[in-house]
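# Descriptive structure summary
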Amino acid sequence: MHRKARQASKLAAVALVGYTNAGKSTLLNILANASVFAEDQLFATLDPTTRKINLPNGLDVLVTDTVGFVQKLPHHLVAAFRATLEEVIQADLLIHVIDASHPQQEEQSNAVFKVLSELKAADKPILTAYNKIDKADSKVIERLLRAEDSVAISARTGQGIEQLNRLIEEKVKPVVVDMEFLIPYNDSGILSQLYEQATVQSVEYCEDGIHVRAELPSEKQTRFNSFVIGDV
Ligand SMILES: Nc1nc2c(ncn2[C@@H]2O[C@H](COP(=O)(O)OP(=O)(O)OP(=O)(O)O)[C@@H](O)[C@H]2O)c(=O)[nH]1
Ligand SMILES: [Mg+2]
């Protein structure tokens, strides 16, 4: 595959950030139908874990669970935390998970932002997921939701997850690749698939087969890989 095409097919990276015990691992579990260790203890997660999730609009993204942020990092966690920082720096989108039922949620949220600015990651696109609304005060939630790009969820009950997915979809634009294909005449079904799934720009019937130029979302590229002859 050509270098440009390979780069373009890279999936968007989303990192779950937030204070320790906010519910990041529980959220990853529900987003990915996975089983990531989640526990009511501080620092249940010691390694970043990444899962591919398929959004309702068909787009695949990589979501990484990270080590919880705190005000003062215990010494034995420094190495684990470093791996998390790398994930945060590489991410295209951050989801800040906040325990909306916690009395110190504001301090916790500030501590998270402090770390993000130290990483120079405070300017990244960010969504706020107010979690644990199943046990939070509804008046508090109402007030919190006035913030931009925020959603109220319960990673435990699944409430609000659809809305969160929709917000992620809005923030993560699908990467579109512009490719040239050569389709043999006896594989012409591929052309109709391209018409369905891509924006076909030109079709030429040549001696060696059908030459097609089309734009398609990068995550759909793989199924046509064997017909790619170049990227534009
Ligand atoms: N009631 C309620 N509890 C939740 C919710 N989400 C997570 N929890 C609980 O909160 C505790 C912490 O959840 P985790 O997912 O381990 O939190 P974390 O942010 O990954 O924590 P660290 O890995 O330590 O940073 C667990 O006991 C979860 O079951 C929720 O929406 N509602
Ligand atoms: Mg965790």
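Everything quoted here is computed from the prediction, not taken from an experiment.

Glancing now at the domain arrangement of the protein chain. Per the domain assignment, the segments making up the protein chain are domain 1 (3–171) and domain 2 (176–231). Here the C-alpha centre of domain 2 lies 37 Å away from the C-alpha centre of domain 1.

At Asn 21, a position not held by glycine, the phi torsion is positive, near 75°. Mapping Asn 21 onto the fold places it in the loop between β1 (12–18) and α2 (24–32). Under the relative-accessibility criterion, Asn 21 is labelled partly exposed at 26%.

Here we take up the environment of Lys 124. Note that Lys 124 resides in the loop between α4 (105–118) and β5 (126–131). Those residues in contact with Lys 124, other than ones at most four positions away along the chain, are Val 88, Ile 89, Gln 90, Ala 91 and Leu 94. Only 2.8 Å separates the side chain of Lys 124 from the backbone oxygen of Ile 89, close enough to count as a polar contact.

Put simply, α2 and helix α6 (residues 161–171) touch, their axes get as near as 11 Å, and they point 85° apart. It follows from the interaxial angle that α2 and α6 lie roughly perpendicular. Residues Leu 27, Ile 30 and Leu 31 of α2 form the contact with α6, whose participating residues are Ile 161, Leu 164 and Asn 165. Considered class by class, the residues forming the contact of α2 with α6 number 5 nonpolar, 1 polar and no charged.

In terms of strand pairing, strand β8 (residues 199–206) meets strand β9 (residues 209–217) through 7 bridges, oriented antiparallel. Note that in β9 the partner of Thr 199 across the bridge is Glu 215. Taken together, β8 and the strand that follows it, β9, pair antiparallel across an intervening segment of 2 residues.

With that out of the way, let us pick up the site of ligand 1. Surveying the vicinity of ligand 1 reveals 23 residues, the closest of which are Thr 20, Lys 24, Thr 26, Thr 45 and Asp 134. Contact distances for ligand 1 include 2.7 Å between an oxygen atom and a side-chain N or O atom of Lys 24. Within the side chain of Asn 131, an N or O atom sits 3.1 Å from an oxygen atom of ligand 1. Taken by itself ligand 1 offers 650 Å² of open surface, and the protein chains cover 94% of this.

How each quantity is defined
- Residues numbered from 1 in each chain as written.
- Chains lettered and ligands numbered in written order.
- Predicted model: local features only at pLDDT ≥ 70, side-chain atom pairs only at ≥ 80, totals over all residues.
- Heavy atoms only, no water.
- Domains from an automatic or database assignment.
- Helix = DSSP H or I, 4+ residues; strand = E, 2+ residues; numbered from the N terminus.
- Buried < 20%, exposed > 50% of the residue type's maximum accessible area, 1.4 Å probe, protein only.
- Contact = heavy atoms within 4.5 Å.
- Polar contact = N/O pair within 3.5 Å; in protein donor to acceptor, adjacent residues only side chain to side chain.
- Axes fitted to C-alpha atoms, helices over the stretch in contact; angles between N-to-C directions.
- Parallel < 35°, antiparallel > 145°, perpendicular 65-115°, else oblique.
- Nonpolar A, V, L, I, M, F, W, Y, C, P; charged D, E, K, R; others polar.
- Pairing = 2+ DSSP bridges.
- Near = heavy atom within 4 Å.
- Areas by Shrake-Rupley, 256 points an atom, 1.4 Å probe, with all protein chains shown as cover.

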